[in-house]
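Architecture at a glance
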Amino acid sequence: MNWHGIKAIYKFEMARTRRTLFQSIVSPVISTSLYFVVFGAAIGSRITEIDGVSYGSFIVPGLIMLSLLTESISNASFGIYFPKFSGTIYELLSAPVSVVEVVVGYVGAAATKSVILGGIILATANFFVDVQILHPYWMFLFLVLTALTFSLFGFILGVWADNWEKLAIVPTLVITPLTFLGGSFYSISMLPPVWQTVTLFNPVVYLISGFRWSFYENADVAVGLSVMMTCGFLLVCIVAVWWIFKTGYRLRV
Amino acid sequence: MSGESPVLQVENLNKIYDDGFEALKDINLEIKEGEIFALLGPNGAGKTTLINIICGIVNASSGRVLVNGYDHVTDFRRTRSLIGLVPQELTTETFESVLATLAFSRGLFGKPPDAAYLEKVLKSLSLWNKKDNVIMTLSGGMKRRVLIAKALAHEPRVLFLDEPTAGVDVELRQDMWQVVRELRASGVTVILTTHYIEEAEQMADRIGVINHGELVLVQEKARLMRELGKKQLILYLDDPLPEIPRQLDAFDLQMGSDPDELIYSYDSQANSTGITALLNELRQAGIHFSDLKTKQSSLEEIFVDLVKRIR
Ligand SMILES: Nc1ncnc2c1ncn2[C@@H]1O[C@H](COP(=O)(O)OP(=O)(O)OP(=O)(O)O)[C@@H](O)[C@H]1O
Ligand SMILES: [Mg+2]
């Protein structure tokens, strides 16, 4: 195992984050505050409670998930796409690092950033509403697993994309809608039965539901199912990454 | 040269790109440890493709590459940690500092941090006073230096320089050749490509010529120049000749750029150069000369000749 190699990649990626520290902290704080103003104040005055939790508190886990997903993807995808775009990837390809080491370095750094981001949003939310965390360990586990899974997904996206448009289109066209429709801001049980069934095909539902359960013990689907689905995605992404490097897909010509 | 054992073996290497283009055709090559090998060839000949395959950036279509006896695919950790590459294109990080990018390269290649060594590398490339500069703010030539420093950061035993002197000023060129000489003195093998043939002539122990994906020639430089290089005898005549007399036809003489120059080309390897006979004939024809000199064709002339002949 090339530990120095992993460390070099991880440090490089974290340094990139540090250079944009202001933006990394300020933008989630601002957007979270905006959500609370718009959703919490405007909608919260009509929907006071969902399943015994005040609306403002209810949306916190969904808000964190929303940022976690988009940030993990954009961070990890950019991390590997940019060297491809600028040509510096030659060094990575010519270095004695294996698939595992490259992925641990890039995805580890992206996931770390996402987890930190989750913490920042949580702290900001705490400033606006009461946040309870009934199962902190589970909460952390969901946070880490989701950050890892979507960082891996972002990594795959970054490898696959051969222009900036492709890089941007998946988060906007796929991930954001799935998150909004996945119960970030409402309970699935509030939907008509047909839509409830349709919604169950949305993988993000399971992530948000499990995550929210760790806060307030209310869930749209069984927690066990949420854990299984989360691990399932992680596995799918791991297999995809393994295949990418085994075949040299889009990295080596 | 520190040894004769091959540090690099390329066997039956082929490369067909996805679009069906055959960039390399059955390349066989052995590089000895500690030598400087110059790979010459016109644009698009396949030099970069060959180097990129050896370094692991491009996949070969068939054939194999051994570095120090280890296969470069199955034993990539061993082979790649021995190799350093300065790519042809100027591709550097943008926002990193010079020192940080070197530390990154070293770590990536599995070496523990060594500030003293990196300092030495930076100093040898006159980059030490720029160590904290963000790479984006450096000039093109300095970025080239950074690329060389990065390639040396992990103390490679084999260094590939893919056109290191393209667009580089005299000073950097001299710095670079100084570095190459020092590397060679410490036993590092250097494989370079260049379009400046006088560089190959000065630096290389052996020369390989690649054309349309085929390795058409591999030869000791000295021998190549002796065998393929023609010698010329230039005579400076007392009186310019209106034309070359018929009785000298057998010597295939040529007029020089000045009318008082007469040029005789001969093969220095042949048993008889024909010089004595020529001088006799000249005296009989009553042609007098005040001075003479001999000149050996440069590698450049040999190269141009060779590529023309292959076409
Ligand atoms: N990714 C690719 N896909 C298809 N063809 C390619 C690719 N890369 C290179 N080629 C072709 O392979 C041939 C050899 O290219 P290569 O870059 O190895 O040449 P070179 O000898 O390094 O040339 P130069 O002196 O210009 O650097 C060229 O005809 C080039 O167009
Ligand atoms: Mg080239």
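Residues numbered from 1 in each chain as written. Chains lettered and ligands numbered in written order. Predicted model: local features only at pLDDT ≥ 70, side-chain atom pairs only at ≥ 80, totals over all residues. Heavy atoms only, no water.

1. A closer look at the overall build of chain B
Note the threshold: Put simply, DSSP marks the helices as runs of H or I at least four residues long and the strands as runs of E at least two long, and each gets a number from the N terminus on. Only protein chains enter the calculation, and the probe is 1.4 Å; a residue is then buried if its accessible area is under 20% of its type maximum, exposed if over 50%, and partly exposed in between. Residues count as neighbours in contact if any of their non-hydrogen atoms are within 4.5 Å of one another. Per-residue and other accessible areas follow the Shrake-Rupley method at a 1.4 Å probe size, with only the shown protein chains counted as cover for residues. Neither His nor the chain ends contribute to the count of charged residues, in which Lys and Arg are positive and Asp and Glu negative. To locate a charge, the coordinates of NZ of Lys, CZ of Arg, CG of Asp or CD of Glu are taken.
When its secondary structure is counted, chain B shows 10 helices and 14 strands. Put simply, chain B has 311 residues, and 49% of those count as buried. When contacts within chain B are restricted to residue pairs at least 6 apart in sequence, those whose partners lie at least 24 apart make up 72%. Within the structure as shown, chain B displays about 14700 Å² of accessible surface, and the carbon and sulfur contribution to it stands at 47%. Looking at charge distribution, chain B has the averaged site of its 35 positive side-chain charges lying 6 Å from that of its 45 negative ones.

2. Considerations on the pattern of salt bridges
Put simply, the rule reads: Any carboxyl oxygen of Asp or Glu within 4 Å of a side-chain nitrogen of Lys or Arg constitutes a salt bridge here.
Evaluated as defined, the whole model comprises 16 salt bridges over all chains. A salt bridge links Lys 150 of chain B to Glu 91 of chain A; its shortest N-O distance comes to 3.0 Å. Of the two residues, Lys 150 of chain B is situated in helix 5 (residues 140–152) and Glu 91 of chain A in helix 4 (residues 89–94); the pairing between them involves two chains. Assessed through its relative accessible area of 4%, Lys 150 of chain B is described here as buried. The residue Lys 123 of chain B makes a salt bridge to Glu 119 of chain B at a minimum N-O spacing of 2.5 Å.

3. A short note on helix 6 (residues 170–185) of chain B
Residue and element names in this part refer to chain B. We count it as follows: To estimate the expected span of a helix, count its residues, drop one, and scale the result by 1.5 Å.
Along its 16 residues, helix 6 runs 22 Å from first to last C-alpha, staying within 8% of the 22 Å computed at 1.5 Å per residue. Listed as buried for helix 6 are Leu 172, Arg 173, Asp 175, Met 176, Trp 177, Val 179, Val 180 and Leu 183. For helix 6, the elements touching its buried residues are strand 3 (36–40), helix 4 (115–124), helix 5, strand 7 (158–162), strand 8 (189–193) and helix 7 (197–203). Following helix 6 by one or two positions, Gly 187 has its phi on the positive side, about 90°.

4. A word on the domain arrangement of chain B
Quick note on the threshold: Note that the domain bounds reflect an automated or database-derived domain assignment.
What the domain assignment reports for chain B is domain 1 (6–226) and domain 2 (230–310). Placing the centre of domain 1 of chain B and that of domain 2 of chain B at their C-alpha centroids yields a distance of 41 Å.

5. With respect to the coordination of the magnesium ion (ligand 2)
All names here are of chain B. For the record, the criterion: For Na, K and Ca the donor cut-off is 3.2 Å; for every other metal, N, O and S atoms count as donors within 2.8 Å. Water does not enter the count, which can leave sites looking incomplete.
Coordination sphere of the magnesium ion (ligand 2), protein contribution only: Thr 48 (OG1) and Gln 88 (OE1), at 1.9 to 2.1 Å. Of this pair, Thr 48 sits in helix 1 (residues 47–55) while Gln 88 sits in the loop between strand 6 (83–86) and helix 3 (98–108), placing them 40 residues apart in sequence. By relative accessible area, which is 24% here, Thr 48 ends up partly exposed.

6. Here we look at the packing of helix 3 (residues 55–86) of chain A against helix 7 (residues 164–180) of chain A
Residues and elements named next belong to chain A. What counts here: Simply put, an axis is a line fit to the C-alpha atoms, just over the touching stretch for a helix, and the angle between two N-to-C directions goes from 0 to 180 degrees. By definition in this entry, angles of less than 35 degrees are roughly parallel, angles greater than 145 are roughly antiparallel, angles of 65 to 115 are roughly perpendicular, and the rest are oblique. In this classification, Asp, Glu, Lys and Arg are treated as charged, Ala, Val, Leu, Ile, Met, Phe, Trp, Tyr, Cys and Pro as nonpolar, and every other residue, Gly included, as polar.
Running from amino to carboxyl end, helix 3 crosses helix 7 at an angle of 170°, the nearest separation of the two axes being 10 Å. Here helix 7 runs roughly antiparallel to helix 3, going by the angle between their axes. Facing Leu 66, Leu 69, Thr 70, Ile 73, Ser 77, Phe 78, Tyr 81, Phe 82 and Phe 85 of helix 3, the residues of helix 7 in contact are Trp 164, Leu 167, Pro 171, Ile 175, Thr 176, Thr 179 and Phe 180. Grouping the constituent residues of the contact of helix 3 with helix 7 by class yields 12 nonpolar, 4 polar and no charged.

7. Here we look at the interface of chain A and chain B
Note the cut-off: Note on terms: buried area is the combined drop in 1.4 Å-probe accessible area of two parts once they are placed together, counting the loss on both. Identification of polar contacts relies on pairs of N or O atoms within 3.5 Å, with a donor-acceptor requirement for protein atoms, meaning one able to donate a hydrogen and the other able to accept it, and with residues adjacent in sequence counted only if both atoms are side-chain atoms.
Each side of the interface is counted separately: chain A has 25 residues, and chain B has 30 residues. Surface buried jointly by chain A and chain B totals about 2500 Å² across both partners, of which 60% is contributed by carbon and sulfur atoms. If you look at where chain A meets chain B, you find 3 salt bridges. Where chain A touches chain B, the interface holds 10 residue pairs in polar contact (both at pLDDT 80 or more). Secondary-structure elements contributing two or more residues to the side of chain A that touches chain B are helix 1 (3–19), helix 3 and helix 4 of chain A. Per-element accounting of the side of chain A that touches chain B gives the leading share, 7 residues, to helix 1 of chain A. Taken together, the residues that form the side of chain A that touches chain B break down as 13 nonpolar, 8 polar and 4 charged.

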